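This is what each chain is made of:
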Amino acid sequence: MPEGTSTRTLQEEIQQSRPFRSQSQEATIALMRTASVVSRRFARVVEPHGLSLAQYNVLRILRGAGVDGLPTLAIRDRMIDEGSTVTRLLDKLEKASLVSRDRSRPDRRQVLCKITKPGEALLAMLDAQIDAADLATMAMLTSEQRESLLSILSAIRSELSE
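Here goes a summary of the coordinates provided. Position labels on residues start from 1 in each chain and follow its written sequence. Where totals are concerned, whole chains, interfaces and linings use all residues; where local detail is concerned, this predicted model gives features only for residues with pLDDT of at least 70, and gives and counts side-chain atom pairs only at 80 or more. Hydrogen atoms and water are omitted, and side-chain values are computed over all heavy atoms in the structure.

1. Structural notes on helix H5 (residues 86–95)
Definition in use: For every residue, the accessible area obtained with a 1.4 Å probe (protein chains only) is divided by the maximum for its type, and the residue is called buried under 20%, exposed over 50%, and partly exposed between those limits. Here a strand is any run of E in DSSP of at least two residues, a helix any run of H or I of at least four, and the numbering for each starts at the N terminus. The arc under discussion is defined with respect to the helix axis, by the directions toward the C-beta atoms. We call two residues contacting when some pair of their heavy atoms lies within 4.5 Å.
Those residues of H5 not exposed but buried are Val 86, Leu 89, Leu 90 and Leu 93. In an axial view of H5, the angular spread of the buried residues amounts to 95°, which keeps them on one side of the axis. On the buried face of H5, the contacting elements are helix H3 (53–65), helix H4 (72–78), strand E2 (99–102) and strand E3 (112–115). A positive phi of about 65° marks Ser 97, the residue just after H5.

Below you can see the structure in the form of structure tokens.
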């Protein structure tokens, strides 16, 4: 941590006067609070470009899928925030000409989604800003701490996903 910077406790940060019921409760609330703080940082990068974080995530997923694109359900399965309504996100992205959807497959119930050239261009423009936000978000941690954080978060997700 940079010199002269002080760390507030979670209790101070959320202005809670009573102690937490348990260390587990404090850790859970700290995890949720941290996720919220990180999300706000990234939202400030994408929102000036007319995107929500969930829309940015869809574009990122489709860019990673390549020229073949992905069915709607596959996008939903890859989303960071599982609570997002993919169809509504795709509607907005398609209206902005950032994605295209195609039903011309043998199973017309399945919609194939692809990122468009303007969608790719927008992501390319955002890449440097997102990379900088990634670095700034984790700058206070050593490589070993980041590795430990990844391992801890993976353990939590693995246990809660089953």
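2. Description of the pattern of salt bridges
Heads up, the rule is: By definition here, a salt bridge exists when the distance from a side-chain nitrogen of Lys or Arg to a carboxyl oxygen of Asp or Glu is within 4 Å.
Applying the stated rule across the entire model yields five salt bridges. The partner of Arg 76 in a salt bridge is Asp 77, and the shortest N-O contact between them spans 3.3 Å. A salt bridge links Glu 120 to Lys 117; its shortest N-O distance comes to 3.8 Å. Of this pair, Glu 120 and Lys 117 both sit in helix H6 (residues 117–138), three residues apart, which is roughly one turn of that helix. Here the salt bridges share partners, and the residues they tie into one network are Asp 91, Glu 94 and Arg 101.

3. Description of the packing of H3 against H6
Applied cut-off: To obtain an axis, a line is fitted to C-alpha atoms, over the contacting stretch when the element is a helix, and the angle between two such axes runs from 0 to 180 degrees between their N-to-C directions. Angular relationships are summarised with four words: roughly parallel below 35 degrees, roughly antiparallel beyond 145, roughly perpendicular across 65 to 115, and oblique for the angles in between. Amino acids outside the nonpolar list (Ala, Val, Leu, Ile, Met, Phe, Trp, Tyr, Cys, Pro) and the charged list (Asp, Glu, Lys, Arg) are all regarded as polar, and Gly is one of them.
Put simply, H3 and H6 touch, their axes get as near as 11 Å, and they point 110° apart. Comparing the axis directions of H3 and H6 gives the class roughly perpendicular. In this structure, H3 contributes Tyr 56, Leu 59, Arg 60 and Arg 63 to the contact, and H6 contributes Leu 122, Leu 123, Ala 124, Leu 126, Asp 127 and Ile 130. Residue composition of the contact of H3 with H6, grouped by class: seven nonpolar, no polar and three charged.

4. Points about unusual backbone geometry
Positive phi is not limited to glycine here, since Ser 97 has a value of about 65°. Under the relative-accessibility criterion, Ser 97 is labelled partly exposed at 43%.

5. Details of the sheet that holds strand E1 (residues 70–71)
We count it as follows: One bridge is not enough; two strands pair if DSSP finds at least two bridges between them.
The sheet built from three strands is open, its strands ordered E1-E3-E2 with antiparallel pairing. Whereas interior strands pair on both sides, the edge strands pair on one side only; in this sheet they are E1 and E2. Where E2 lies against E3, four bridges are found, and the strand directions are antiparallel. Following the sheet pairing, Arg 101 is matched in E3 by Cys 113. Helix-sheet contacts for H3 involve E1, E2 and E3, and the interaxial angle to E3 is about 95°. Contacting E2 and E3, H5 runs over the sheet at an angle of about 115° to E2.

Such coordinate-based values are descriptive only and should not be taken to indicate function.
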